[in-house]
Amino acid sequence: MTEAIFFAVLAGFCTATASICQRIGARNSETTGFDIWLVFRLARQPVWLLGVGSMIGGFLFQLTALHFGPLALVQPILAIELLLVFGYMAIAGAGRVRVRRRDWLAAAAMSAGIAVFLGLASPSGGRLHAPAPAWLLAGLITLGLVLLLLAMAFGPAGRSVASRSRRAALLGSATGISWGFVAAVIKELSSHINDGIGAVVANWSLYVLLVVGAATMLLASHALAAGPLAASQPGFTVLDPLSAGLLGVFLFSEHIKTGVLDLAGEALALAVVIAGASILSHSCLILGEDEKSPVSCLPSGFQAPAGGRRRELGFEPADAAPVPASGTPSASAQATGNADISTR
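Residue positions within a chain follow its written sequence, with the count starting from 1. The predicted origin of the model limits local features to residues at a pLDDT of at least 70 and limits the giving and counting of side-chain atom pairs to 80 or more, whereas totals for whole chains, interfaces and linings rest on all residues. No hydrogens and no water enter the side-chain calculation; it runs on all heavy atoms of the structure.

**A few points about the overall build of the chain**
Put simply, the rule is: Starting at the N terminus, helices and strands are each numbered in turn, a helix being any DSSP run of H or I of at least four residues and a strand any DSSP run of E of at least two. For every residue, the accessible area (1.4 Å probe, protein chains only) is compared with the maximum for its type, and the residue is labelled buried under 20%, exposed over 50%, or partly exposed between those bounds. Contacts: residue pairs with any heavy atoms within 4.5 Å of one another. Surface exposure here means Shrake-Rupley accessible area, sampled with a 1.4 Å probe, where a residue is shielded only by the protein chains that are shown.
Tallying secondary structure elements over the chain gives 14 helices and zero strands in all. Going from the N terminus to the C terminus, the chain shows its helices and strands as α-α-α-α-α-α-α-α-α-α-α-α-α-α. In the chain, buried positions account for 49% of the 344 residues. Taking the intrachain contacts of the chain between residues at least 6 apart in sequence as the baseline, contacts between residues at least 24 apart amount to 81%. Carbon and sulfur atoms make up 70% of the accessible area of the chain, which amounts to about 15900 Å² in all.

Below is the structure:
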């Protein structure tokens, strides 16, 4: 059990790093339709490849964690990914972005919610292998949900009918559900590790993992390229462990405590995790990446550097210095007067 928690935390670090690196690599490649060649264009960028390498590392740590523990234990721990993304951006944005008290409280509440859920649920047990009919049903349900979300994001004939943020949120949700199914396949594969490399290569789960994993990585690339990280990250963070946990119960007969008080506490803990994820996803540290903010995300006295490269976020901060009455700003000054979180 301890080994499962340890490797799940390492997997969380890797997936958080992957989200940051892949968003940095994909933010200049936004697309309004489904583009199967998007991954090949992104592969030309070293930072995106670093994110892919980190994602592969996360897979390996997740595989090891699922070898030692059930899905219902491992996947909720991976929800710390958003907390780690928050921490990365807090360090990167130090001195440039205002960190609010509610952001840190949400981060602490999310960590506490995960710990309380694990303590109350005490996930354990389950079988090593799921029957073929159960896998078929789970796969069809997952595919149906993903296709529905894709249709909502891109509309008929691949024409986008959603805003950037909504499209990113829908694609992030589709990706999170897909990652949950990938986790279930990894769980099946991990049960064959002790039987040797021959057993692993001969098992169907390895090849399903390669196909579904590649398709999910394509989905994730579209989600990260579609719009702000603030919109896509909650789908990654919340729906991945939720769908994987449900699949763990359905496929592998994993069980958690189901007493009335236990269920009430577990539901409350998950609600805290989801609420914390929602608050963090709207933090200035994430909204400041490229989303217009209704409040000031800039620290007092911050001056955006002039002559920078393409800006991603423009808005007028609430505490911006007023225009002196003695002069009227020029047209060029008015055009560039909105402060930016970052310039690149």
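**Comments concerning a nonpolar patch on the surface**
Heads up, the condition is: Two distance rules govern patches: like charges are joined within 9 Å, and nonpolar side chains (Val, Leu, Ile, Met, Phe, Trp, Tyr) within 5 Å, applied only to residues with over 30% relative accessible area and no salt bridge. We define a salt bridge as a contact between a side-chain nitrogen of Lys or Arg and a carboxyl oxygen of Asp or Glu at a distance within 4 Å.
The grouping of Ile197, Val201, Tyr207, Leu210 and Val211 at the surface amounts to a nonpolar patch, some 520 Å² of accessible area in total. Per-element accounting of the nonpolar patch gives the leading share, three residues, to helix α10 (residues 204–226). Relative to the helices and strands, Ile197 resides in helix α9 (residues 197–202). Of the residues examined, Ile197 reaches a relative accessible area of 66% and is grouped as exposed.

**Some details on the environment of Ala109**
Note that Ala109 resides in helix α6 (residues 101–121). Taking the C-alpha atoms as reference, Ala109 lies 9.4 Å from Ala277; in sequence the two are 168 residues apart.

**Here's the deal with the confidence of the model for the chain**
The predicted structure's coordinates, where accompanied by low pLDDT, should not be read in detail. The criterion, for reference: Scored from 0 to 100, pLDDT reflects the predictor's confidence in each residue.
Per-residue confidence for the chain gives a mean pLDDT of 76, with 75% of residues at or over 70. Taken element by element, the chain is modelled with least confidence in helix α14 (residues 331–335), mean pLDDT 42, and with most confidence in helix α7 (residues 132–154), mean pLDDT 93. Considering only residues more than four positions removed or in separate chains, one finds that residues 290–295, a stretch of pLDDT under 50, has 17 contacts. Of the regions scoring below 50 in pLDDT, residues 302–344 engages in 70 contacts with residues more than four places distant in sequence or in other chains.

**Overview of the environment of Ser173**
Tracing the chain through its elements places Ser173 in helix α8 (residues 164–190). A residue is classified by how much of its surface remains accessible, and Ser173, at 19% relative accessible area, is buried. Separated by 27 residues in sequence, Ser173 and Val146 place their C-alpha atoms 8.3 Å apart. Sequence-distant contacts of Ser173, defined by excluding residues within four places in its chain, comprise Leu149, Gly235 and Leu239.

**Quick notes on unusual backbone geometry**
Even without being a glycine, Ser253 presents a positive backbone phi close to 55°. Among the structural elements, Ser253 can be located in the loop between α11 (229–252) and α12 (260–281).

**Some details on α6**
For clarity, the threshold we go by: Residue count minus one, scaled by 1.5 Å, sets the expected span of a helix. Note that the arc is defined by the directions from the helix axis to the C-beta atoms.
The end-to-end C-alpha distance of α6, which contains 21 residues, comes to 30 Å, matching closely the 30 Å that a straight helix rising 1.5 Å per residue would cover. Among the residues making up α6, those that are buried are Asp103, Ala106, Ala107, Met110, Gly113, Ile114, Phe117, Leu118 and Ala121. Viewed along the axis of α6, the buried residues span an arc of 120°, placing them on a single side of the element. Projecting away from the buried face of α6 at angles above 90 degrees are the exposed residues Arg101, Leu105 and Gly119. Directly after α6, the chain includes Ser122, whose backbone phi takes a positive value near 45°.

**Overview of the nonpolar core**
Here is the rule we go by: Residue types Ala, Val, Leu, Ile, Met, Phe, Trp, Tyr and Cys, when buried and joined through side-chain atoms within 4.5 Å, form a set referred to as a nonpolar core.
One finds Trp135, Leu251 and Leu280 to be the most contacted residues of the largest nonpolar core, which totals 79 residues. Per-element accounting of this core gives the leading share, 13 residues, to α8.

**Overview of α11**
How we decide: Given a residue, its bend is the angle between the two axes fitted to the seven residues that end at it and to the seven that start from it.
The first and last C-alpha atoms of α11 sit 33 Å apart over 24 residues, in line with the 34 Å expected at 1.5 Å per residue. Residue Leu239 marks the point of greatest curvature in α11, where the axis turns by about 30°; the proline Pro241 follows within four residues. Among the 24 residues of α11, 18 are classified as buried, and the element is accordingly described as predominantly covered. Just downstream of α11, Ser253 is the residue with a positive phi angle, here 55°.

**Points about the packing of aromatic side chains**
Rules: Aromatic rings from Phe, Tyr and Trp, with only the six-membered ring used for Trp, were paired whenever their centres fell within 6.5 Å, and each pair was classed as stacked if the ring planes differed by under 30 degrees, edge-to-face if by over 60, and tilted otherwise.
All told, the structure shown has seven aromatic pairs when counted by the stated rule. Arranged with centres 6.2 Å apart and planes meeting at 5°, the rings of Phe7 and Phe68 form a pair that is stacked. Placement of Phe7 in helix α1 (residues 2–26) and of Phe68 in helix α3 (residues 46–68) is noted, with a sequence separation of 61 residues between them. Ring centres of Trp135 and Phe252 lie 6.0 Å apart, and the angle between their planes is 80°; on these two criteria the pair is classed as edge-to-face. Of this pair, Trp135 sits in helix α7 while Phe252 sits in helix α11, and the two are 117 residues apart along the sequence. Phe252 shares its class with Trp135; the two are buried.

**Looking at the side chain of Glu254**
Let me state the cut-off plainly: Charge assignment in this entry is limited to Lys and Arg as positive and Asp and Glu as negative, and neither His nor the chain termini are counted.
Of note, Glu254 is situated in the loop between α11 and α12. Despite its burial, Glu254 pairs with no opposite charge; the closest candidate is Lys187, at 4.7 Å N-O. Not counting the four nearest positions on each side in its chain, Glu254 is found in contact with Pro70, Leu71, Ala72, Ser124, Gly125, Gly126, Lys187, Gly248 and Val249.

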